[in-house]
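# Coordinates in review
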Amino acid sequence: MSEVKKTAPRGGGGGGWTRFVTARPRLTLLVALVLTALAVLAGGGVADRMGSGGWEDPAAESTYATKALESRFPGSQPNVLLLVDAGAPGVDAPAAAAEARRLAERLDAEPGVDGVGSYWSTGSPALRSEDGRQGVIAARIAGEEKDAAAVLDRIAPAYRGTHGPVEVSLGGELAVRHEMQTVIQEDLLRAELIALPLTLVLLVMVFGSAVAALLPLGVGIVAILGTNAVLRGITEFTDVSVFAQNLTTALGLGLAIDYALFVVRRYREELAAGADTYAAVRTTLRTAGRTVLFSALTVAVSLAAMLVFPQYFLRSFAYAGIAVVLLAATAALTLLPAALVLLGDRVNALDLRRLLRRGRAPRAATTEAVRGATAGSAGEGSPRDGSPREGSPRDDGAGWGRAAALVMRRAPVFAVVTTTGLVLLGLPFLGVKFGTADDRQLPVTASSRVVQDQLRDGFPGSPGGGLTVLAEGEATPAQYAGYRERLAALDGVARVEGPVTAGRGSASFTVVPEGETVGADAQRVVGELRAAEAPFKTAVTGPAAVLVDSKDAIADRLPWAAGIIVLVTLLLVFLLTGSVVVPVQAVLLNALSLTAMFGAVVWVFQEGHLSGLLGFTSTGDIETTLPVLMFCVAFGLSMDYGVFLLSRIKEEYDATGDHEHSVRFGLRHTGGLITAAAVILAVVMVAIGTSRVTNTKMLGLGVALAVLMDAMVVRSLLVPSVMKLTGRLTWWAPGPLRRFHDRFGISETDAPAGPGAGDGPGAESDADTDAEGRAYSAAR
């Protein structure tokens, strides 16, 4: 380690935690290495224990009916379909029919398979293609999702392929979900192979040093591996969606980079101001460390709101998100400081940018120590005393200060134009239509997708996709017949089959709606079926019924989730700033930053624009849970960047009492940092968005757009213009709340507000900004 300078810590001594990290850095890293190795072992094979469903409400009528039908009428809920193609002779040819019957009998004898039926045993026209070349064998594999998938894996090779005169392909809900899980795992591996090298290149560009660039990657990998171990443990108690692994990778890398950028930037700033290595780390933990912890809490709260929803698809993202956020913050506040203590100013070693600066004289070591994330691309400003750094450009970060000054001079114009533009970008979301995920999430070449396309286009009705009514209670044949007639007379019903009885107390009816399986007409039919008069108790299930119940569950709990996010965000931002105005601004501006994402989701994925370029099939709707998930993730990330900016503005306002100067100072010192972090996170999300599964593509590309809009539009234009308009009122709070904040609030500085706080005039230039910084430094 390079020689430690004998300089007293600028911020005083650290607390017990900072003393532990700085006093025992090797022990800290060793413990982390052991825990990471254990996490690798514990988290191994976690994807194989995850499910690919989770859109259903476990307490819904459709879920109850599905479970009851599975036990009493397994043939009414097929989840595996064998598409038998007999070619030109047709499915009624003797040889083809005989082979199909043999396959159906063989399938019926398989352990774990129930309710086998086929065109050749029932003669149902719904199981025969309109051209007569194809027929369907339908069955149900019972049990939990993972157990059913294991049965499918076992039997599929024996049935898929050529059997005498027929060719057999596998489809159905279970086959679609199983293939979707496989595709997601393959896509996640490819996304990681794309994101990691690109992220490393961008980090080198931001930090300059290859050593510094590797630090956030290390933090991210620790967070990802640790989260996989946590998820593996959670699968022992409840279902977890395989989709959650995408969020683990994205947030693990993205937030680790955010936190590492913020910590290393502050560490280099302290070094540049003359602190020794230990003092710089302690001050960094006491200031930037507080902000990182605070930011992690705000992101975790946004993700935790998904726990109020009953669908395990959404709850899985809460499990993964909370774990990866807290682990990323923990690693950034333990491993990273320990590494910085051991590295000292060698954190700037291996400056690969020198290769691009041929012909220039080498800079002094001091210059290199304050470059990287804190210079140019990361937006670092001058030291607080305003003096130029040795060998560094005098205007590092000044562009952001000038931009903030320009925005505040024309604050009404920027506020109105930016707000109007964001609202216009979000208008397409007013036409959103909610649906459910089906086989069209998969690429067109996926085998189960090919089967479903043929069933959808070539068969009358919808094999395996209609509605089923469970009738419970004793009834006479006449009562069953009358009920069937009432159902058949409903508008939008193509036909009704049944009843199929099981004993004296149960019967099932199959209702085939006209049009799309889960379209608006099918959803309306669900309501009419549930309202139809019957002499017995009824319950309706099927794809459209599951969608209706899922929408109702989300609508019922959405106010609770939104309330949790808003109230906790208001509280946390108040604890950071001591203002009652800033938290309201933060919530409103964060929500406004998401409008472009929601508008783009409808314009692209629902209406199908750019579908050819992006390689997906538009179904004309958006899966019901996706907007909720995207809101929670994007809102949390927006708060992440908002906290970085607000904490720096508040620190300077406490020091100088000058509102406008503090806004310029905060944007000057964090604008480039936030932009660099947003670009890197967007790269990770776009890598996730290369997935062949539409929902994952939508999540990755949508959140990437939201992150960029927040960093480059909201934080750069809307925040400074709105804060200019609210002026010193921005920091207002009633007396009792201000006293509460004085006692329990969070701050990046331990210093009291500077003399004249709250009544200083606004600075007019970056030179004034530096002069005020020098005045405060002298007073301090």
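Worth saying up front: this structure is predicted, and the values here are computed from it rather than measured. (Residues numbered from 1 in each chain as written. Predicted model: local features only at pLDDT ≥ 70, side-chain atom pairs only at ≥ 80, totals over all residues. Heavy atoms only, no water.)

Read from one edge to the other, the open sheet built from 4 strands follows the order S8-S9-S7-S10, with strand pairing classed as antiparallel. Each end of this open sheet is capped by a strand with a single partner; those strands are strand S8 (493-502) and strand S10 (537-541). When the angles between neighbouring strand axes are averaged without regard to direction, this sheet yields 20 degrees. Note: S8 against strand S9 (residues 506-513), 7 bridges, orientation antiparallel. Of the residues in S9, the one forming a bridge with Val-496 is Val-511. Strands strand S7 (467-472), S8, S9 and S10 of the sheet are contacted by helix H17 (residues 477-488), whose axis makes an angle of about 160 degrees with S8. Those strands touched by helix H18 (residues 520-531) are S7, S8, S9 and S10, and its axis lies near 10 degrees from that of S7. (Pairing = 2+ DSSP bridges. Helix = DSSP H or I, 4+ residues; strand = E, 2+ residues; numbered from the N terminus. Axes fitted to C-alpha atoms, helices over the stretch in contact; angles between N-to-C directions. Contact = heavy atoms within 4.5 Å.)

Two elements in contact, helix H11 (residues 288-304) and helix H12 (residues 312-343), have axes separated by 9 Å at closest approach and are oriented at 175 degrees. Our classification of the angle between H11 and H12 gives roughly antiparallel. The segment H11 lies against H12, with Gly-289, Val-292, Leu-293, Ala-296, Val-299, Ala-300, Leu-303 and Ala-304 engaging Ala-318, Gly-321, Ile-322, Val-325, Leu-326, Ala-329 and Leu-333. Residues belonging to the contact of H11 with H12 are distributed by class as follows: 13 nonpolar, 2 polar and no charged. (Parallel < 35°, antiparallel > 145°, perpendicular 65-115°, else oblique. Nonpolar A, V, L, I, M, F, W, Y, C, P; charged D, E, K, R; others polar.)

Another aspect to go through is the pattern of salt bridges. Taken as a whole and assessed by the stated rule, the structure comprises 29 salt bridges. A salt bridge links Arg-102 to Glu-99; its shortest N-O distance comes to 2.5 Å. Note that Arg-102 and Glu-99 are positioned in helix H4 (residues 94-108) at a spacing of 3 residues, about one turn of the helix. The exposure class assigned to Arg-102 is partly exposed, which follows from its relative accessible area of 37%. You can call Glu-99 buried: its relative accessible area is 13%. Three or more residues are tied together by salt bridges with common partners; here these are Glu-186, Asp-187, Arg-190 and Arg-692. (Salt bridge = Lys/Arg side-chain N within 4 Å of Asp/Glu carboxyl O. Buried < 20%, exposed > 50% of the residue type's maximum accessible area, 1.4 Å probe, protein only.)

Each pair of aromatic rings is reported with the distance of its centres and the angle of its planes. Tallying each qualifying case throughout the model produces 15 aromatic pairs. Look at Phe-313 and Phe-317: their rings are 5.1 Å apart centre to centre, the planes differ by 70 degrees, and that puts the pair in the edge-to-face class. Taken together, the positions of Phe-313 and Phe-317, both in helix H12 and 4 residues apart, correspond to about one turn of that helix. Members of the aromatic cluster, each reached through a chain of ring pairs, are Trp-55, Phe-243, Phe-313 and Phe-317. A cation over a ring is seen here: Arg-106 above Tyr-159, with NZ or CZ 4.8 Å from the ring centre. (Phe/Tyr/Trp six-rings, centres within 6.5 Å; stacked < 30°, edge-to-face > 60°. Lys NZ or Arg CZ within 6 Å of the ring centre and 35° of its normal.)

Taken as a whole, the protein chain shows an average pLDDT of 82; of its residues, 86% reach a score of 70 or greater. Confidence drops under pLDDT 50 across residues 358-395; counting only partners more than four residues distant or on other chains, this segment forms 95 contacts. Ignoring residues within four places in sequence, the model shows residues 750-780, a span with pLDDT below 50, making 59 contacts including any to other chains. (pLDDT = per-residue confidence, 0-100.)

Moving on to unusual backbone geometry. At the junction of Gly-498 and Pro-499, the peptide bond is cis and its omega measures out at 10 degrees in the coordinates. A positive phi angle, close to 70 degrees, is found at Leu-610, a residue other than glycine. Looking at where Leu-610 falls in the secondary structure, it is placed in the loop between helix H21 (595-606) and helix H22 (611-614).

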